Amino acid sequence: MANENVRMWTELNIDLKSHDMLMNALGPIFQEVYLSQKNRPAGMGFYDFVVGDIHGIRVKELREHAKTGGKVVATYCVFVPEELVWAAGAIPVGLCAGTQFSVPIAEEVLPRNTCALIKSSFGFKLGRVCPYVQASHLIVGETTCDGKKKMFEMLGQLQPVYVMEVPNKKTERSRELWHGEVLAFKDVIEQLTGTKITAKKLGQAIDLVNKRRLALQRFYNLRKVRPVPISGKDALLATQVSFYDDAQRDTQMLNALCDELDKRVAAGQGVAPKNAPRILVSGSPMAIPNWKLHHLVESTGAVVVCEESCTGTRFFSDLVKPAGDNLDEQLKAIADRYMNIHCACFTPNDERPDDVVRLAKEYQADGVIHYNLQFCHTYANEAVKMAKRLEKEGIPLLRIETDYSDEDAGQLRTRIEAFLEMIKH
Ligand code: BJ8
């Protein structure tokens, strides 16, 4: 198996030496952050296995798909409508961008004062250390933030990139623009795959992705219970894996995990004591293997019960409304669903503080941690409005700005501990 993987990575033009370093670094981190946890659900075994072979089996599946003429479409943002990719017989794969490892590689080209997520993703391509990037036939970017859209121009010099224009406002005119973008994306995917997207295929794809969203909704609903039956770290990992695993298998595994959690809930079995402080994390997405904040919070005895982020509720809260077998209606339903993502790239974006207040109540959160990647101006600015709103609601808030390095871990731990002390009943 190991030799087979090396052969595959070589074919994908991976820098093997650098890649070895990345893999060697990931193992001990996963051991410390995940495998050292006690009382984990048995269903997490699947996710441990996925991470243990993170650049193996799934990449092999993508390669086999490609060998039969299938296409792989890589994405970075939850705005890219994956239903269209599935409907054309291609496989969408969410790219990881959550490691410090690739940041210095990117900094040779990108300005240092760019957010870690952008640097990490660009560094993966520049350093040729990510087989998912290498195995993809098209990378789909978006115009959600300035850093990303300029990075995509540079990425486009290294690999085929298509950029979707995400509007910045939520007006009727913006909705029309976005609808047009969805139609244009359909053409791009049809051209890439040589497959016409029919109403029947799109209907099946809508159903496939909705089922995964429903499984994630079921999963998150179980986190509303006190004591919570699964750690925030495990929940985050399961959500992160949803971005690149096969949608059907992912739905099955999530539902199997939920069956187990149902039993835990019925037995009153939790991963943390009933009175452990419950934290809602809100803000920038946490791409795999970014487990930094969750690890810090949960090693102080608190538990993360929800993420209002794109590696959390924004990923699955809304379904695409079924639109029968009318292609135009289906495309409209897709456009409408995606415009409902309350990313900080929008102005105004008052729905997001509303969401955080609602989620804090639903998940019985004792406090909110606003997580902001350094140099992400949209989320940093939105944190100001968020702070005012949460103060009005009487919900304690801690604002954190960080990156992927461990340099500030000690300082963050101290701030988190002080926050938890303050919110303890
Ligand atoms: S829909 S949150 S996944 S854009 S953290 S790169 S915004 S500077 S990731 Fe996102 Fe789509 Fe929005 Fe979600 Fe820029 Fe900010 Fe970095 Fe960001």
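Quantities reported herein were computed from a predicted structural model and do not represent experimental measurements. (Residues numbered from 1 in each chain as written. Predicted model: local features only at pLDDT ≥ 70, side-chain atom pairs only at ≥ 80, totals over all residues. Heavy atoms only, no water.)

Draft legend 1. The overall build of the chain, seen in detail. The helix and strand tally for the chain stands at 19 helices and eight strands. Counting only C-alpha atoms, the chain reaches 60 × 50 × 45 Å along its principal axes. Of all 425 residues assigned to the chain, the portion counted as buried reaches 57%. For the chain, the proportion of contacts with a sequence separation of at least 24, taken over those separated by at least 6, is 76%. Total accessible area on the chain stands at roughly 17600 Å², and carbon and sulfur atoms take up 52% of it. Taken together, the 53 basic and 54 acidic charged side chains of the chain have centroids lying 1 Å from each other. (Helix = DSSP H or I, 4+ residues; strand = E, 2+ residues; numbered from the N terminus. Buried < 20%, exposed > 50% of the residue type's maximum accessible area, 1.4 Å probe, protein only. Contact = heavy atoms within 4.5 Å. Areas by Shrake-Rupley, 256 points an atom, 1.4 Å probe, with all protein chains shown as cover. Lys, Arg positive; Asp, Glu negative; His and termini not counted. Charge placed at Lys NZ, Arg CZ, Asp CG, Glu CD.)

Draft legend 2. Looking closely at the site of the ligand. Around the ligand sit 16 residues, and of these Cys77, Cys115, Cys310, Cys343 and Cys376 come closest. When its residues are assigned to classes, the shell around the ligand shows twelve nonpolar, two polar and two charged. (Near = heavy atom within 4 Å. Nonpolar A, V, L, I, M, F, W, Y, C, P; charged D, E, K, R; others polar.)

Draft legend 3. Just the nonpolar core, in detail. Residues Phe219 and Leu237 are the most contacted members of the largest nonpolar core, which totals 142 residues. No other element matches the nine residues that helix H11 (residues 199-222) contributes to this core. Once you skip the residues sitting within four places of it in the chain, Leu237 turns out to touch Phe30, Tyr34, Met44, Tyr47, Asp48, Val51, Ile288 and Trp291. (Core = buried A, V, L, I, M, F, W, Y, C linked by side-chain atoms within 4.5 Å.)

Draft legend 4. Here's a closer look at helix H4 (residues 57-67). All buried positions along H4 are accounted for by Arg58, Val59, Leu62, Arg63 and His65. Down the axis, H4 shows its buried residues gathered within 160 degrees of arc, on one side only. Contacts from the buried residues of H4 go to helix H1 (2-11), strand S1 (72-75), strand S2 (91-94), helix H8 (131-135) and helix H13 (247-266). Looking one or two residues past H4, Gly69 carries a phi angle of roughly 90 degrees, positive in sign. (Arc of directions from axis to C-beta.)

Draft legend 5. Here's a closer look at the packing of H1 against H4. Direction vectors running N to C along H1 and H4 enclose 55 degrees, while the axes themselves pass 11 Å from each other. Between H1 and H4, the angle falls in the class oblique. The interaxial crossing formed by H1 with H4 has left-handed handedness. The segment H1 lies against H4, with Glu4, Met8 and Glu11 engaging Val59, Lys60 and Arg63. In the contact of H1 with H4, the residues fall into two nonpolar, no polar and four charged. (Axes fitted to C-alpha atoms, helices over the stretch in contact; angles between N-to-C directions. Parallel < 35°, antiparallel > 145°, perpendicular 65-115°, else oblique. Left-handed = near helix turned anticlockwise from the far one by under 90°.)

Draft legend 6. Focus on the pairing of strand S6 (residues 303-308). Here S6 lies mainly inside the structure; six of its six residues are buried. Where strand S5 (residues 278-283) lies against S6, five bridges are found, and the strand directions are parallel. Bridge assignment links Arg278 to a residue of S6, and that residue is Val303. Between the parallel elements S5 and S6, the chain passes through helix H14 (residues 292-298) in a crossover that is right-handed. (Pairing = 2+ DSSP bridges. Right-handed = clockwise from strand over helix to strand, strands pointing away.)

Draft legend 7. Region of interest: the packing of aromatic side chains. Considering all chains together, one arrives at twelve aromatic pairs under this definition. Relative to Phe346, the ring of Phe79 has its centre 5.9 Å away and its plane inclined at 55 degrees; by these criteria the two rings are tilted. On the criterion of sequence distance, the pair formed by Phe79 in the loop between S1 and helix H5 (82-87) and Phe346 in the loop between helix H16 (327-338) and helix H17 (351-362) is long-range, its members being 267 residues apart. For the pair Phe79 and Phe346, one class covers both residues: buried. Three or more aromatic residues joined by ring pairs form one cluster here, namely Phe30, Tyr34 and Trp291. Cation over ring: Arg223 sits above Tyr220, and NZ or CZ is 4.7 Å from the ring centre. Arg337 extends its terminal NZ or CZ atom over the ring of Tyr338, reaching a point 4.6 Å from the ring centre. (Phe/Tyr/Trp six-rings, centres within 6.5 Å; stacked < 30°, edge-to-face > 60°. Lys NZ or Arg CZ within 6 Å of the ring centre and 35° of its normal.)

Draft legend 8. Structural view of the packing of H11 against H13. Their axes nearest at 9 Å, the elements H11 and H13 cross at an angle of 20 degrees. One element, H11, and the other, H13, form an angle in the roughly parallel class. The element H11 and its partner H13 pack so that their crossing is left-handed. Along its contact with H11, which presents Leu208, Lys211, Arg212, Ala215, Leu216, Arg218, Phe219 and Leu222, the element H13 presents Ala247, Gln248, Asp250, Thr251, Leu254, Asn255, Leu257, Cys258, Asp259, Leu261, Asp262 and Val265. Taken together, the residues that form the contact of H11 with H13 break down as eleven nonpolar, three polar and six charged.

Draft legend 9. A look at the sheet that holds strand S3 (residues 138-142). In space, the four strands of this open sheet follow the order S2-S1-S3-S4, with parallel pairing throughout. Bordering the open sheet on either side are S2 and strand S4 (161-164), each of which pairs with just one other strand. Strand-to-strand, the axes of this sheet are offset by a mean angle of 30 degrees, without reference to chain direction. In this structure, S1 lies alongside S3, joined through three bridges in parallel fashion. Among the inter-strand pairings, Val73 is bridged to a residue of S3, identified as Leu138. Those strands touched by helix H10 (residues 172-193) are S1, S3 and S4, and its axis lies near 160 degrees from that of S4.

Draft legend 10. Structural context of the environment of Thr114. With respect to the helices, strands and loops of the structure, Thr114 is situated in the loop between helix H6 (103-107) and helix H7 (116-126). For the pair Thr114 and Lys148, spaced 34 residues apart in the sequence, the C-alpha separation amounts to 9.1 Å. Thr114 has contacts with Lys119 and Phe375, leaving out every residue within four places of it along the chain.

Draft legend 11. Region of interest: the pattern of salt bridges. Using the criterion set out here, one finds 36 salt bridges in the structure. A salt bridge links Glu351 to Lys170, with the shortest nitrogen-to-oxygen separation between them at 2.7 Å. Placement of Glu351 in helix H17 and of Lys170 in the loop between S4 and H10 is noted, with a sequence separation of 181 residues between them. For Glu351, a relative accessible area of 31% translates into the label partly exposed. Across the pair Arg218 and Asp262 runs a salt bridge whose closest N-O atoms are separated by 2.9 Å. Placement of the pair is Arg218 in helix H11 and Asp262 in helix H13, with a sequence separation of 44 residues. Judged by relative accessible area, Asp262 falls into the partly exposed class, the value being 35%. Among the charged side chains, a salt-bridge network with shared partners connects Arg58, Glu61, Asp245 and Arg249. (Salt bridge = Lys/Arg side-chain N within 4 Å of Asp/Glu carboxyl O.)

Function cannot be read off these values alone, since they describe shape.
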